[in-house]
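Summary of structural features
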Amino acid sequence: MINRLKDGLKKSREGFLGQFTGLFRGSLLDEDFWESMEEILIQADVGICATTKISNELRGLAKKLNIKDPEELKELFKKEIVKLLTINNDNLVDGGYLNLLLFVGVNGVGKTTTIAKMAHKFINSGEKVIFAAADTFRAAAIEQLQEWGSRLGVDVIKHQRGGDPAAVVFDAINAANTRKADIILVDTAGRLHTNVNLMEELKKIKRVAKNELSKGLVKTVLVMDATTGQNGILQAKLFNEALNLDAIILTKLDGTAKGGIVIAIEEELKIPIWFVGVGEKPDDLQNFDPQVFVEALFE
Amino acid sequence: MFESLSTKLQNIFSKLKTYGRLNEKQVEEVLREIKLALLEADVNFKVVKSFIAKVKERAVGVEVMKSLTPAQQIIKIVNEELIDLMGGAPGKITFAPKSPTIYMLVGLQGSGKTTSAAKLANYLKTMGKKPFLIAADIYRPAAIDQLESLGKELSVSVYSDRKSNKCEEIVRSGIKQGIAKGSDTIIIDTAGRLHIDDEMMDELENVKRAVRPHQILLVVDAMTGQDAVNIAVSFRDKLDFDGLILTKLDGDARGGAALSIRAVTGKSIKLVSLSEKIDSLQIFYPERMASRILGMGDVLTLIEKAEATINKEEAASLMERIQKQEFTLNDFLAQMQQIKSMGSFDQVLGMLPKLPGSSKNAFSGVDEERIKRVEAIIKSMTQEERKDPKTMNGNRRLRVAKGSGTTTSEVNRLLKQFSETKKMMKQFSNLGSRAKISRKISPFFNF
Ligand SMILES: Nc1nc2c(ncn2[C@@H]2O[C@H](COP(=O)(O)OP(=O)(O)OP(=O)(O)O)[C@@H](O)[C@H]2O)c(=O)[nH]1
Ligand SMILES: [Mg+2]
């Protein structure tokens, strides 16, 4: 698994990494060195805030520990980012109870596909999964989830297009109780975090779920596309403010985007990253391991 | 998290009192902020670098126009260069000399191709064309259903073949059917794919070769980060696409990706999508995009309007009174009337920069109705009261509220707002540069 992630990352990171190795091979830690280090992070979508912070931290460390060797600094650099990305990662679900995972995010990031991947994962570990088709807005969103349902053998609870998503979730909880399911995966319509009404709609879905299930069993997962630029920070912030996020899943890491935005997000919000998406098939989901993620960045 | 660019620039230039030519240090200080703003807006790092170099070259030594501050002067140059970089002219949809015109939409997964295909069909329909859609995304579950459903909503025919797994074949037959139905415009919706997926990129190349579309349009998500350039370059190298559709601009993403792609590939942005509604596809305007990327609203247009509208002497004497701390509610009223005379209130508000990290500007929540009520309140006050609002005790406030048909809380709010404005203006005048007096524009719009 680690190798696959590395491979995926490697493809994309040749340019990025080339710069890095070149960088660390030099011997002088002059201002040029720091500047080009910052440039590299910026180009990975880490953003100015987090980049400045990491860079300052390392400048301080280099001075304090009197490090002159770029190779050594490289190791510190890795550690620093790994530290940022290491967040206590609780169990995804509580065994023996009915759990509900609510998937949210902006349009097209990969929510529905990620739900299919998660279902695949849970089914493999022996859990019974149900889908709630709470994207009642987008054309053929219900059909898309149904297609995944039939491929994976998962029941889909759905209403008509245009119906109330919270009502779908309510029905799904009832159905899950009768059918003795372990986990409900809720697909919601993509929405921009700036749309107040649609954010309210999500809050309502969550309220309904929390009324029916005890509190800790409802978790909200933000799906984020690895190609996202600085807007990702605002996305994470606003979704978090509205819904109190429990986790992030970073999709499309099989492309050439570096996904550095999560570094900026974690720097500020400290939301656990559960998984990364590396393709369009159900098994294209991998654990997020900060060490591996950063190692792969620096290879 | 980030101060707005205009606040930062104001801070830099509040220290400066001199006019004349811009020196290198001034320019560098401002350009540093602009560089950060561009990076925050997701403009590609390399593009930012060469852009800043270009602006610097132009700005150093430039005579600052009398009507502008040095900051405004540099922003003006930046703005012009940005617009230039984005092609200058508004985006355009073109048609093949011989009907039907075939458009092919390509792009990464989730960039918004299917929705854009339907929106484009709607757009063409409103132009009096007879569009036709081809569902060539045979991979994503229910992608065909999605296009068919959108087609039904629009009453536009959709061709699909659920049994075939040959994209090229589907497109060929689709075009035949479109022509048979008398359509003059045909839109091909293709599956989302990674630009590094050779097999999938070959598929597009084959379709291109088979049907020779008039236009291949790359659909790009406005929220894309630094990687936009890599993506666009790969698609260009493989397909030599003709232009861009920029989607999801209704959020608060600055959309710097568009600029980067244009700068690196030379391909122009044709259309932008501003909401999930089917009629939300619009022509791309470089000016709007430039100010969006800078995060400054349409500030320059506003400056120009303000310059054109506001009477020079009136403004100068107002400035003088501000300096002497003689600003009264009468002046406040005059200011509001000036804002109103610049155009419809909404229009003026729309040109003001948004507050950082928010979709609002400093005037959001103020509407025409409210201005009217404020006017009524001030007009119900005596000249004495307008000069010295401190004399407004409870009784007088009540009287004014009754006289203006408003409430005492509205009167209170206005008086409070006035005293705050006055305070703000005092700070302003403390900067006390001679230059500021001669500036023609309203103090509300200073950087
Ligand atoms: N390459 C790649 N593609 C992905 C990944 N995850 C999802 N996709 C693709 O991205 C596209 C959009 O995925 P969806 O799951 O429909 O996204 P969504 O967030 O549900 O979209 P909306 O419901 O329309 O907001 C599809 O073509 C998916 O196959 C991934 O990890 N890698
Ligand atoms: Mg979906």
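Described below are features of the structure shown in this document. Everything quoted here is computed from the prediction, not taken from an experiment.

To continue, consider the overall build of chain A. Of the regular secondary structure elements, chain A holds eleven helices and eight strands. Summing over all exposed atoms, chain A offers an accessible surface of approximately 11,900 Å²; the carbon and sulfur share of this is 48%.

Residue and element names in this part refer to chain B. Taken in spatial order, the eight strands line up as 3-2-4-1-5-6-7-8 in an open sheet, and their pairing is mixed. Single-partner strands in this sheet number two, and they are strand 3 (158–159) and strand 8 (281–283). Bridge count between strand 1 (residues 101–106) and strand 4 (residues 185–190): five bridges; the pairing is parallel. Directly across from Leu 105, in strand 4, lies its bridge partner Asp 189.

For the bond running from Ser 99 of chain B to Pro 100 of chain B, omega is 0 degrees, close enough to zero to count as cis. With respect to the helices and strands, the residue Pro 100 of chain B is situated in the loop between helix 4 (70–85) and strand 1. Positive phi, normally seen in glycine, also occurs at Asp 45 of chain A, with a value near 70 degrees. As for its position among the elements, Asp 45 of chain A is in the loop between helix 2 (31–43) and helix 3 (48–64). Given a relative accessible area of 2%, Asp 45 of chain A falls into the buried group. Unlike most non-glycine residues, Asp 240 of chain B shows phi in positive territory, near 45 degrees.

On to the site of ligand 1. Looking at ligand 1, there are 23 residues lining it, with Lys 111, Thr 112, Thr 113, Arg 138 and Glu 280 of chain A nearest. With respect to ligand 1, its neighbouring residues span chains A and B. Thr 113 of chain A has a polar side-chain atom sitting 2.5 Å from an oxygen atom of ligand 1. Burial of ligand 1 by the surrounding chains reaches 95%, relative to a free accessible area of 660 Å². At four residues, helix 5 (residues 111–124) of chain A tops the list of elements feeding residues into the shell around ligand 1. Of the residues assigned to the shell around ligand 1, the class counts are three nonpolar, twelve polar and eight charged.

The rules behind the values
- Residues numbered from 1 in each chain as written.
- Chains lettered and ligands numbered in written order.
- Predicted model: local features only at pLDDT ≥ 70, side-chain atom pairs only at ≥ 80, totals over all residues.
- Heavy atoms only, no water.
- Helix = DSSP H or I, 4+ residues; strand = E, 2+ residues; numbered from the N terminus.
- Areas by Shrake-Rupley, 256 points an atom, 1.4 Å probe, with all protein chains shown as cover.
- Pairing = 2+ DSSP bridges.
- Buried < 20%, exposed > 50% of the residue type's maximum accessible area, 1.4 Å probe, protein only.
- Near = heavy atom within 4 Å.
- Polar contact = N/O pair within 3.5 Å; in protein donor to acceptor, adjacent residues only side chain to side chain.
- Nonpolar A, V, L, I, M, F, W, Y, C, P; charged D, E, K, R; others polar.

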